[in-house]
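If you want the building blocks of each chain, they are given just below.
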Amino acid sequence: MSAAVPDPRARVVVLLSGAGSLCAALLDATDDPAYPATVAAVGSDRPATGLEHARRRGLPTFVCEVGDHADRSAWDRALAAEIGAHAPDLVVSAGFMKIVGPAVLGAFGGRLINTHPALLPAFPGAHAVRDALAAGVPVTGASVHVVDAGVDTGPVLARREVAVLPGDDEARLHERIKEAERELLVETVAHVVTADVARKSDR
């Protein structure tokens, strides 16, 4: 009986906190063997329903809750260990609603990216869609950026515009942004891991 051939594609760990529609889009993309990344594991800061997307595929999942640790620093160290156990080439924060700290950034800095429902640097933070509506902008959108120690302040890798339509409320606008966000994440992950492979081959 021959041993299984290891998947040569880049390994991605996905972090989420909710229903996981972004994670689902990325998993769907990785079903294509030609896609340059594969999801090694999916983790959350709570028992989120989005973990089911990975479980249905037989992929490893983990939950690392802040309340299970002595303080936020201990949680951050535990999260870094959980992520690191899956040896990722890239970590994707896809609707992960916690700010990571020095342990995660120290281990994965430059290899941790996040999606955000606005055209950064405009409207950072947890209420980006609401803030865009309140500001009356005609266009908002989605961004993918590198995570740093700030809140949505890292270098922006890609953006996609979404028009604000007459009569939009937060829910309607956010749903259209999510559609753009899913496509943008799949494209950006592919670009990042392909560029990383090219850089390594040039060394």
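Details of the structure are given in the entry above.
Criteria and thresholds
Residues numbered from 1 in each chain as written. Predicted model: local features only at pLDDT ≥ 70, side-chain atom pairs only at ≥ 80, totals over all residues. Heavy atoms only, no water. Helix = DSSP H or I, 4+ residues; strand = E, 2+ residues; numbered from the N terminus. Rg over C-alpha atoms; globule rule 2.2 N^0.38 Å. Contact = heavy atoms within 4.5 Å. Areas by Shrake-Rupley, 256 points an atom, 1.4 Å probe, with all protein chains shown as cover. Lys, Arg positive; Asp, Glu negative; His and termini not counted. Charge placed at Lys NZ, Arg CZ, Asp CG, Glu CD. Pairing = 2+ DSSP bridges. Axes fitted to C-alpha atoms, helices over the stretch in contact; angles between N-to-C directions. Buried < 20%, exposed > 50% of the residue type's maximum accessible area, 1.4 Å probe, protein only. Salt bridge = Lys/Arg side-chain N within 4 Å of Asp/Glu carboxyl O.

Caption draft 1: Structural context of the overall build of the protein chain. Looking only at helices and strands, one finds six helices and seven strands in the protein chain. Mapped from its N terminus to its C terminus, the protein chain presents α and β elements in the order β-α-β-α-β-α-β-α-β-α-β-β-α. Computed over C-alpha atoms, the radius of gyration of the protein chain comes to 17 Å, within 12% of the 17 Å expected from 2.2 N^0.38 for 203 residues, which places it in the range of a compact globule. Viewed in the frame of its principal axes, the protein chain has a C-alpha envelope of about 60 × 45 × 35 Å. A separation of at least 24 residues holds for 61% of the contacts in the protein chain among residues at least 6 apart in sequence. Here the protein chain has roughly 10000 Å² of accessible surface; of this, 56% comes from carbon and sulfur atoms. Positive and negative side-chain charges in the protein chain, numbering 20 and 26 respectively, have mean positions lying 2 Å apart.

Caption draft 2: Spotlight on the sheet that holds strand E6 (residues 139-146). Taken together, the seven strands give an open sheet; going across it, the order is E3-E2-E1-E4-E5-E6-E7, and neighbouring strands pair in mixed fashion. Edge strands, defined here as strands with exactly one partner in the open sheet, are strand E3 (61-63) and strand E7 (156-163). With direction set aside, neighbouring strand axes in the sheet form an average angle of 20°. Across four bridges, strand E5 (residues 112-116) lies against E6 in antiparallel orientation. Bridge pairing links His116 to Ser143 in E6. Sheet contacts for helix H3 (residues 72-84): strand E1 (10-16), E3 and strand E4 (90-93); angle to E3, the most-contacted strand, approximately 175°.

Caption draft 3: Expanded view of the pairing of E6. Along E6, seven of the eight residues are buried, which leaves the element largely enclosed by surrounding structure. Taken together, the seven bridges between E6 and E7 define a ladder with antiparallel strand orientation. Paired with Val139 across the bridge in E7 is Ala163.

Caption draft 4: Highlighting the side chain of Ser44. Among the secondary structure elements, Ser44 is positioned in strand E2 (residues 37-44). By relative accessible area, Ser44 is classed as buried at 1%. Among residues more than four places away in sequence, those in contact with Ser44 are Leu16, Ser17, Leu51, Phe62, Val63, Cys64 and Phe96.

Caption draft 5: Quick look at the pattern of salt bridges. A full pass over the atoms with the stated rule returns ten salt bridges. One salt bridge in this structure joins Asp45 and Arg46, with 3.1 Å as the shortest N-O distance. Overall, the relative accessible area of 33% leaves Arg46 in the partly exposed class. Between Lys98 and Asp45 there is a salt bridge, with the nearest N and O atoms lying 2.9 Å from each other. With a gap of 53 residues between them, Lys98 in the loop between E4 and helix H4 (102-108) and Asp45 in the loop between E2 and helix H2 (51-55) connect regions that are remote in the sequence. You can call Asp45 buried: its relative accessible area is 4%. Three or more residues are tied together by salt bridges with common partners; here these are Asp28, Asp31 and Arg57.

Coordinates in, geometry out; function isn't part of it.
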